[in-house]
Amino acid sequence: MTPRPTSSGSDPKKTAEEKAAKAAKSVRKAVKKAVEKTAAPEKAAAKKTAAKKAATKKTAEKPVAKKATAKKTAARKTAVKATAVKATAAKTTAAKKTAPEKAAAKESPAKKSTATVKKSTAKKSTAKKVTAAGKGAAPVPAQPPEAPVSPAVGAGDRERLLAGAHHDPHTVLGAHPVPGGVAVRAFRPYALSVTVVAGELRAELHDDGDGFFSGLLPLSDVPAYRLLVTYEGSVQDAEDAYGFLPTLGDLDLHLIGEGRHEHLWQVLGAHPMTHQGVAGTRFSVWAPNARGVHVAGTFNFWDGTGYPMRSLGSSGVWELFVPGIGEGELYKFQITRPDGSKTLRADPLARRTQTPPETSSIITAAHHEWQDEEWLARRADLPAHEAPFSVYEVHLPSWRPGLTYRQLAEQLPAYVKDLGFTHVELMPIAEHPFGGSWGYQVTGFYAPTARLGTPDDFRYLVDALHQAGIGVLMDWVPAHFPRDDWALAEFDGRPLYEHEDPLRSAHPDWGTLEFDYGRREVRNFLVANAIYWCEEFHIDGLRVDAVASMLYLDYSREPGQWVPNVHGGRENLDAVDFLQEMNATVYRRVPGVVTIAEESTAWDGVTRATHHRGPGGFGGLGFGLKWNMGWMHDSLDYMSHEPVHRKYHHNEMTFSMVYAYSENYVLPISHDEVVHGKRSLVSKMPGDWWQQRANLRAYLAFMWAHPGKQLLFMGQEFAQGAEWSEAHGPDWWLLDPAYGAEADHRGVRDLVRDLNTVYRHTPSLWQQDTVPAGFEWIVGDAAEDNVFAFLRFATDGTPLLAVSNLSPVVRHDYRLGAPDDVPAWHEALNTDTAKYGGGDVINPDVIKPEPQAWHGRPASIRLTLPPLATVWLRPA
């Protein structure tokens, strides 16, 4: 194709060029007069044709009647109708060749041929030739050495364009040099007329039917031009989309083909930009199986027929720069499948979407000015597993129903900061069509949900949390995607993002599709997505959902429903490679972030470095932290029993220490544990209301002292009695002072605040979470007493003693072994304190060790243990 030339303009200092421009203007006037005399029959025919065209303008079909004069000569057949320049240069020159050029020049300017003009102007300066390189410059008539050709689109290209199956429309549409001039072709279904405007030249193109328009301009070079497209009731004035070079370079396409484009979102999708000096939007999409791809949107009345995209070689990428459109326009991709059928799809890399249930993608760009430089500068000071790390899990749409991102920014940071959590974890905020999925069935992997605002609004929320000193984690869902026919499923007519083997693609639990991790472009889509959230939205960590379902070929499948890997095993080797690549890339590109695996099995090395091989022969997956699902299930099972039966389940509270250092763990009390009939956290506890709250308080303090990081779901911090529902969120009315039991709920929330405060200021509780040196049992086998006592140590050896009495009786003078190098202890926290709603059984005085050996230690202390309570002691 011939690309649209770069506009350079004319130099006002070059008087020679000014003279050339004046001469060219005189030529056009002369040609116009000459043509008017010879083209009268054509004008009459054009008027007649225009009348017929108006009668059938709704269908924009070509009139049946032909121009009478057009049948007489080939030159007139290719003329541009209804314009002063429609007579070809060849015809004009032939009419004047009988007289010498000098004589013709003396006779009248109106009789000068285009060849004479070119000769005379060429004598003055080689720079006098006015070409299309100058915007607004007068086009120069072309030499007529060859017979003109028909500018109309050929039958084969025409058929493919109509079928939506043309791989390179830019070679056909737009402006192209041809024998006899410059052919201009446009494909605008439903248009009544199309006019080319190039400087002072205006040429209405011939209506070739079916939405095709063409004309032959008597020019030697492709000019800078615009198209005036007339529809019923409107006229569009814009640059021609088919006059531009590709917007993607060879390096981009190479990286996409290799599956290594770490900034994939910057080259695929819709991007407002200035290209070749013209403002517009670049559209690009990966659809290797498509026979053709068009872009449709509000800017073309949702008819993509006239906006075919070009295929960029073997990359599978289709691209089109559409001038004159920008942010806020809706769009989708109209894809012609291999079987010829068509499907309208949302952009897989759309960075903004409509609010569900609407499904269109929206052109957008980032404008937020970040104010979190201080946070970003220090977030990499400590790795997550060696830092205080307590997480408040939030489902944004229901935390305070009805609030937008910006309204949440006014309330959520203040609330979380007051409670002392170091981080918030946001349940999936990537766009999802069904709110009841809580965000875990994603269709817009690159777009924050529009339910709460724009992408910049979400940036504003993250910025506000950072300025409040709170990190932001985000649930990320690379395990599966829904089957909606406007999204990723069989995107280009064949399995693309999902595995082509139905046994590998169908997720057995959720009715969704699993990604094909063995395809490098799909891995690239997901790896780049992880980087995208961290770089574009300053996310501090990704909690990766459903890792176990990715790792095992037989996950939730019966024999015969899965095929072993090449080694005969059940491990999904492609998924292993993907997770290793994702973790390694994220940690390399975004220092200070953390990745967290929700992995519910005993897979070896989830948080081990990817280059360190374990006993199973696999390198580590490379996560920073892993949810300790075993601890969560065991400990909640223990707490659900009446205290009289707990001695039979004592090991459920101690077993976690057998494997505590096999991974870097988070102790999660998440949304999954307080829905679907599982009851809220306080409602899991046995006994009456007082005992339930006491059990809850004791459990939370045991959890905060246990090795590992903490995560607590919203509503559980104030002992909400009802299960969580995404329809109405937490029961905030329980904290209304007018409510009779408000003090009971406020007491639990006050405890959570104090747990976080003491935790953050006590390195013993977090510095050595992942090494055995950070923990020692004092007594772990007091099953008859329902007592657990252990020490936590900071790196400098400073201890904290945690004691839980999970029986409903007060234990006076309860003797515990203690280090002999600590001269005295005092209570740092007691969950039975009256302000928390307890019975206020406390140890108000300093506790000094006695030289009596106990529990294998040379010294011991005597405590009063409150019922259903946990006590923390620090060196006095």
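Computed from a predicted structure; not experimentally measured.

Definitions and cut-offs
- Residues numbered from 1 in each chain as written.
- Predicted model: local features only at pLDDT ≥ 70, side-chain atom pairs only at ≥ 80, totals over all residues.
- Heavy atoms only, no water.
- 1 Å grid on protein atoms, 1.4 Å probe; cavity = no way out; pocket = protein on both sides within 12 Å on 5 of 7 lines; lining within 4 Å.
- Points joined across faces, edges and corners; volume = space filled by probe spheres on them.
- Helix = DSSP H or I, 4+ residues; strand = E, 2+ residues; numbered from the N terminus.
- Pairing = 2+ DSSP bridges.
- Contact = heavy atoms within 4.5 Å.
- Expected span 1.5 Å × (residues − 1).
- Buried < 20%, exposed > 50% of the residue type's maximum accessible area, 1.4 Å probe, protein only.
- Axes fitted to C-alpha atoms, helices over the stretch in contact; angles between N-to-C directions.
- Parallel < 35°, antiparallel > 145°, perpendicular 65-115°, else oblique.
- Nonpolar A, V, L, I, M, F, W, Y, C, P; charged D, E, K, R; others polar.
- Salt bridge = Lys/Arg side-chain N within 4 Å of Asp/Glu carboxyl O.
- Core = buried A, V, L, I, M, F, W, Y, C linked by side-chain atoms within 4.5 Å.
- pLDDT = per-residue confidence, 0-100.
- Phe/Tyr/Trp six-rings, centres within 6.5 Å; stacked < 30°, edge-to-face > 60°.
- Lys NZ or Arg CZ within 6 Å of the ring centre and 35° of its normal.

1. Considerations on the layout of surface pockets
- What the largest pocket holds in volume is close to 660 Å³.
- Residue lining of the largest pocket: 27 residues in total, with Arg-379, Leu-382, Pro-383, Ala-384 and Ala-387 positioned closest to the centre.
- One number sums up the size of the second largest pocket: a volume of about 520 Å³.
- As for the second largest pocket, its lining consists of 27 residues, of which Trp-510, Asp-545, Glu-598, His-671 and Asp-672 are closest to the centre.
- When contributions to the lining of the second largest pocket are tallied by element, the ones reaching two or more residues are helix H15 (547-551) and helix H17 (629-640).

2. Digging into the pairing of strand S29 (residues 775-782)
- Here five bridges tie S29 to strand S30 (residues 787-793), and the two strands are oriented antiparallel to one another. In the sheet register, Phe-775 faces S30, and the bridge partner there is Arg-792.

3. Looking at the environment of Trp-777
- With respect to the helices, strands and loops of the structure, Trp-777 is situated in strand S29.
- Residues Trp-777 and Thr-654 lie 123 residues apart in sequence; the distance between their C-alpha atoms is 9.7 Å.
- Each residue touching Trp-777, except ones within four places of it in the same chain, is listed here: Thr-654, Met-657, Phe-788, Ala-789, Phe-790 and Arg-857.

4. What about unusual backbone geometry?
- Note the cis peptide between Pro-356 and Pro-357, where omega equals 15 degrees.
- Note on placement: Pro-357 falls in the loop between strand S15 (342-345) and strand S16 (361-362).
- You will see that Ala-546, though not glycine, has its phi angle at about 55 degrees, which is positive.
- Positionally, Ala-546 belongs in the loop between strand S24 (541-544) and H15.

5. With respect to helix H14 (residues 520-536)
- Compared with the 24 Å implied by 1.5 Å per residue over 17 residues, the 23 Å span of H14 between its first and last C-alpha is a close match.
- The element H14 is largely enclosed, with a buried count of 14 among its 17 residues.
- With its phi angle positive at about 60 degrees, His-538 sits one or two positions after the end of H14.

6. Regarding the sheet that holds strand S35 (residues 869-875)
- Spatially, five strands are ordered S29-S30-S31-S35-S33 in an open sheet, and the strand pairing comes out antiparallel. Across the chains shown, the open sheet's two edge strands, defined by having one partner strand only, are S29 and strand S33 (825-830). Geometrically, the sheet is characterised by an average inter-axis angle of 20 degrees between neighbouring strands, direction not taken into account.
- Bridge analysis of S30 against strand S31 (residues 799-805) gives seven bridges, and the strand direction is antiparallel. Across the sheet, the residue bridging to Phe-788 is Ser-804, located in S31.
- Lying on the sheet, helix H19 (residues 689-705) is in contact with S30, S31, S33 and S35; it crosses S35 at an angle near 40 degrees.

7. Details of the packing of helix H8 (residues 250-258) against H14
- Look at H8 against H14: their axes get within 7 Å of each other, and the N-to-C directions meet at 105 degrees. Relative to H14, H8 is oriented roughly perpendicular. The segment H8 lies against H14, with Leu-255, Ile-256, Gly-257 and Glu-258 engaging Arg-520, Glu-521 and Asn-524.
- A class-by-class count of the residues in the contact of H8 with H14 yields two nonpolar, two polar and three charged.

8. Quick notes on helix H20 (residues 742-760)
- A rise of 1.5 Å per residue sets the reference length of H20, with its 19 residues, at 27 Å; its end C-alpha atoms lie 27 Å apart and thus fit the reference within 8%.
- Counting buried positions along H20 yields 15 of 19 residues, so the element is predominantly enclosed.

9. Some words on the pattern of salt bridges
- The tally for this structure, following the rule as stated, stands at 37 salt bridges.
- Notably, a salt bridge pairs Arg-588 with Glu-262, separated by 2.5 Å at the nearest N-O pair. With Arg-588 in helix H16 (residues 573-589) and Glu-262 in the loop between H8 and strand S9 (269-275), the pair connects residues that are 326 residues apart, well separated along the chain.
- By sharing partners, the salt bridges in this structure join Glu-425, Asp-475, Arg-543, Asp-545 and Glu-598 into a single network.

10. So, the nonpolar core
- Phe-283, Trp-533 and Trp-872 are the most contacted members of the largest nonpolar core, which has 179 residues in total.
- At ten residues, H14 tops the list of elements feeding residues into this core.
- Other than its neighbours up to four places away in sequence, Trp-533 contacts Ile-429, Ala-430, Phe-445, Tyr-446, Ala-447, Pro-448, Phe-458, Met-474, Trp-476, His-538, Ile-539 and Leu-542.
- By size, the runner-up hydrophobic cluster in this structure holds 20 residues, among which are Val-787, Val-803, Tyr-814 and Trp-825.

11. Some remarks on the sheet that holds strand S28 (residues 709-713)
- Reading around the circumference, S17-S18-S21-S24-S25-S26-S27-S28 is the order of the eight strands in this closed barrel, with parallel pairing throughout. On average, each strand axis in the sheet is tilted by 25 degrees relative to the strand beside it, whichever way the strands run.
- Packed onto the sheet, helix H12 (residues 455-467) meets strand S18 (423-426) and strand S21 (471-476) and runs at close to 135 degrees relative to S21.
- Set on the sheet, H14 makes contact with S21 and S24; between it and S21 the angle comes to about 155 degrees.

12. Looking at the confidence of the model for the chain
- Here the chain shows a mean pLDDT of 87. Residues at 70 or above account for 83%.
- Here residues 1-138 is a poorly scored stretch, pLDDT under 50, and it has 156 contacts once near neighbours within four places are set aside; other chains count.

13. Description of the packing of helix H11 (residues 405-419) against H20
- In the contact formed by H11 and H20, the axes pass within 7 Å of each other and the chain directions differ by 70 degrees. Taken together, the axis directions place H11 and H20 in an arrangement best described as roughly perpendicular. Where H11 abuts H20, its residues Tyr-415, Asp-418 and Leu-419 lie against Arg-749, Val-752, Arg-753 and Asn-756.
- Residue classes in the contact of H11 with H20 are distributed as three nonpolar, one polar and three charged.

14. Overview of the packing of aromatic side chains
- Within the structure shown, the criterion is met by 47 aromatic pairs.
- Their ring planes at 65 degrees and their centres at 5.2 Å tell us that Phe-283 and Tyr-331 sit as a pair that is edge-to-face. Pair noted here: Phe-283 is in strand S10 (residues 278-286) and Tyr-331 is in strand S14 (residues 330-336), with a separation of 48 residues, a long-range link. As far as burial versus exposure is concerned, Phe-283 and Tyr-331 are alike and both buried.
- Between the aromatic rings of Phe-713 and Trp-724, the centroid separation amounts to 5.1 Å while the plane-to-plane angle is 75 degrees, which identifies the pairing as edge-to-face. Separated by eleven residues along the polypeptide, Phe-713 in strand S28 and Trp-724 in the loop between S28 and H20 bring together distant segments of the chain. Take Phe-713 and Trp-724: they sit in the same class, and that class is buried.
- The ring of Tyr-460 carries Arg-406 above its face, with NZ or CZ at 4.4 Å from the centroid.

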